[in-house]
Amino acid sequence: MFAASFRLAFYATAICLLISYPIAYVVSRETPQVQSVFMVLLMVPMWINFLLRTYAWMSILENNGLLNKLLVLLGIGKVSIINTEAAVALGMVYNYLPFMLLPILTVLQKLDRSLLEASSDLGANGVRTFLRVVFPLSLPGVLSGVTMVFVPSVSTFVISKLLGGGKTLLLGDLIEMQFLGNAYNPYIGSAVSIVMMLIVLVCMFVMNKFGDGGEETSMF
Amino acid sequence: MSTQKPRFRVFSFALQGLLYIFLYAPIFVMAAFSFNNSKSRSVWTGFTLKWYGELFRDRAILEALVVTLSVAIIASLAATIIGTAAALGIHRMRKKTRDVVMTVNNIPVVNPDILTGVSFMLLFVAITTFLRTLGADISLGYWSLLLAHITFNIPYIILSVMPKLRQMNKHTLEAALDLGATPFQGFRKVILPEIMPGVVSGMMIAFTMSIDDFVISYFTSGSSVQTLSVAVYAMTRKRINPEINALSTIMFVSVMLLLVIINVIQAKDKNKEKKF
């Protein structure tokens, strides 16, 4: 169960990062108007209850659901996603994507343009500038995005219940079951909670070590 | 940035478009099914408004809506007052103490919801058990839900007020006090206007967190009170009621309207500024 939780949370975090970075990068180079529209459109779904959004994914992913109808229409044929780990990972990506996008976008917006000019003046091409200048400077945002996606993904119990059909039990499910579910045993529940809390604290400590240096210098 | 290559523009809009489709597809599906004639969540059987009618007659959902809104409003107001006061105090601390307090403040923000919820539940259960031995008839309910929401909102207020306090020129307050203002006047006339943007945005964050919260409410509300998300969760285990789709569609449309209105007002303000 620990393994399943960490594997799924790891996949979800990696996918979020792969989707978020390019989008944050192109949006950070857009005009301020486009950027503010982007921020608003990113925040609005968060005002809809996440249970309902996840529930809506159930009707999209179902075996007779909208996605399969669309795929059949296109002549591709059915896929069965619902009640698999893939569906749970998709739910995690969907719910926590903004938490990855926002911090990365914020660092990229603050990036000093003259550094890019300096880099290209000194003869670096686009790829080299990105690898040597842009990416290292955006690491604090990436790290905080990674924590903000990984921690809730490891501890969720709703997404796995709705989209995983109760087949994939995660740490969150285990804890919930011990307190309010069938397997009532608050002692095991508390023990698992403490272990999870320690993991989160270690994550936070590592983040602070990495993050502080960058932030303090940028502030003064 | 206005002189972007056309290729970049196409690429950028394609990426953003795909993201918006991904983010909004479930919401439009939900909205569409609020007009669906049958209770099915995958088969379309015709247009109807009956779920909207039933929504306004459904006692349980309306009660849950009242609980959700009242908890969010009271909790965000209370947390704003407590959090702002705390931020003022933390701001005056020595750097070492301040760093420690801020780290402690950050733990609940990063801590998974489920852990916060479980800890609150255990604490409240311990309190009620203790009070019961004294003869009080008390169990988890609105009070524990509200206390939990106030508490988990406070760190967000502190986080959004602290930067404003740091940016503030501390000599303005000294000047006010030298000129004979009482400390309270100094707070009201000097500090408060300066930190107001932070206070307001903190309150907005707290309100959103409260409305959106499921996990903490699930553990702390007991069996007598329900917030909307707890009601929805209870439904998803059986078969969801399309009334809930109708309610979320209404909420989504109101949020959209509110945003449009705010934008229009801001645009008008900018025009006025240009005239003067």
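Quick look at the structure, then. (Residues numbered from 1 in each chain as written. Chains lettered and ligands numbered in written order. Predicted model: local features only at pLDDT ≥ 70, side-chain atom pairs only at ≥ 80, totals over all residues. Heavy atoms only, no water.)

1. A look at unusual backbone geometry
Filter applied, for reference: Numbering of helices and strands runs from the N terminus, with a helix taken as a DSSP run of H or I at least four residues long and a strand as a DSSP run of E at least two residues long.
Notably, Asn-83 of chain A is not glycine yet its phi reads approximately 65°, a positive angle. Note that Asn-83 of chain A resides in the loop between helix H4 (66-73) and helix H5 (85-110).

2. Considerations on a nonpolar patch on the surface
Residues and elements named next belong to chain B. As a reminder of what qualifies: Each patch is built from salt-bridge-free residues with over 30% relative accessible area, joining like charges within 9 Å and nonpolar side chains (Val, Leu, Ile, Met, Phe, Trp, Tyr) within 5 Å. Here the open area of atoms and residues is found with the Shrake-Rupley method and a 1.4 Å probe, where only the protein chains shown may cover a residue. Salt bridges, as used here, are contacts in which a Lys or Arg side-chain nitrogen is within 4 Å of a carboxyl oxygen on Asp or Glu. Relative accessibility under 20% of the residue-type maximum defines a buried residue, over 50% an exposed one, and the middle range a partly exposed one, all with a 1.4 Å probe and only protein chains included.
On the surface, Leu-69, Ile-73, Ile-74 and Leu-77 cluster together into a nonpolar patch covering about 320 Å² of accessible area. Turning to its location among the elements, Ile-73 is positioned in helix H3 (residues 59-91). Owing to a relative accessible area of 43%, Ile-73 belongs among the partly exposed residues under this scheme.

3. Some details on the packing of helix H1 (residues 2-28) of chain A against helix H1 (residues 6-33) of chain B
Where we set the bar: Fitted lines through C-alpha atoms serve as axes, helices being fitted only where they are in contact, and the angles separating the N-to-C directions of these axes extend from 0 to 180 degrees. In what follows, roughly perpendicular refers to angles from 65 to 115 degrees, roughly parallel to angles under 35, roughly antiparallel to angles over 145, and oblique to any angle outside these ranges. Two helices crossing with the near one rotated counterclockwise from the far one by less than a right angle form a left-handed crossing, whereas a clockwise rotation gives a right-handed crossing. Every residue pair with non-hydrogen atoms within 4.5 Å of one another is taken to be in contact. For this classification, Asp, Glu, Lys and Arg are treated as charged, while Ala, Val, Leu, Ile, Met, Phe, Trp, Tyr, Cys and Pro are nonpolar and the rest, including Gly, are polar.
For the pair H1 of chain A and H1 of chain B, interaxial distance at closest approach is 10 Å and the crossing angle is 130°. Between H1 of chain A and H1 of chain B, the interaxial angle falls into the category oblique. Crossing handedness for the pair H1 of chain A and H1 of chain B: left-handed. Across from Pro-22, Ile-23, Val-26 and Val-27 of chain A in H1 of chain A, the residues of H1 of chain B making contact are Phe-8, Phe-11, Ser-12, Leu-15, Gln-16 and Leu-19 of chain B. Residues belonging to the contact of H1 of chain A with H1 of chain B are distributed by class as follows: eight nonpolar, two polar and no charged.

4. With respect to the packing of aromatic side chains
Rule in force here: For Phe, Tyr and Trp, where Trp contributes only its six-membered ring, two rings pair if their centres lie within 6.5 Å, and the inter-plane angle classes them as stacked under 30 degrees, edge-to-face over 60, or tilted in between.
On inspection of all chains with the given rule, the structure shows 27 aromatic pairs over all chains. When the centroid spacing of 6.1 Å and the interplanar angle of 20° are considered together, the rings of Tyr-96 of chain A and Phe-99 of chain A count as stacked. Taken together, the residues span about one helical turn, with Tyr-96 of chain A and Phe-99 of chain A both in helix H5 at a distance of three residues. Look at Tyr-96 of chain A and you get buried, because its relative accessible area is 10%. Where Phe-157 of chain A meets Phe-214 of chain B, the ring centres are 6.1 Å apart and the plane angle is 40°; that geometry is what we call tilted. In this pair, Phe-157 of chain A sits in the loop between helix H7 (126-155) and helix H8 (158-163) while Phe-214 of chain B sits in the loop between helix H8 (183-212) and helix H9 (215-220), so the two residues belong to two different chains.

5. Observations regarding the interface of chain A and chain B
Stated formally: Accessible area that two parts lose when put together, with a 1.4 Å probe and added across both, is what the buried area reports.
Each partner contributes to the interface: chain A provides 56 residues, whereas chain B provides 54 residues. Interface area, chain A with chain B, both sides summed: about 5,400 Å², of which 76% is carbon and sulfur. When residues of chain A are sorted by the area they lose upon contact with chain B, Trp-47, Leu-52 and Tyr-55 of chain A head the list and together hold 14% of the total. Here Glu-30 of chain A ties to Arg-9 of chain B by a salt bridge, and the two come within 2.8 Å at their closest N and O atoms. Counting residues per element, the side of chain A that touches chain B draws most heavily on helix H3 (residues 50-61) of chain A, which supplies 10 residues.

6. Section: the nonpolar core
As a reminder, the rule being used: Within this scheme, the nonpolar core is defined by two criteria: the residues are buried Ala, Val, Leu, Ile, Met, Phe, Trp, Tyr or Cys, and they are joined through side-chain atoms within 4.5 Å.
Counting residues in each nonpolar core, the largest one holds 97 residues, and the members touching the most others are Phe-38 and Phe-157 of chain A together with Ile-114, Phe-214 and Phe-219 of chain B. Ranked by residue count, the leading element in this core is H5 of chain A, at 14 residues. Setting aside its immediate chain neighbours within four residues, Ile-114 of chain B contacts Ser-155, Phe-157, Gly-172, Ile-175, Glu-176 and Met-196 of chain A together with Val-215 and Phe-219 of chain B.

7. Comments concerning the pattern of salt bridges
A side chain with one charge may pair with a side chain of the opposite charge, provided their charged atoms come close. Residue and element names in this part refer to chain A. Throughout the structure, instances matching the rule amount to four salt bridges over all chains. Of the charged contacts in the structure, one is a salt bridge between Arg-7 and Glu-85, with a shortest N-O distance of 2.8 Å. Here Arg-7 is found in helix H1, whereas its partner Glu-85 is found in helix H5, with 78 residues between them in sequence. Residue Arg-7 is classed as partly exposed on the basis of its relative accessible area of 33%.

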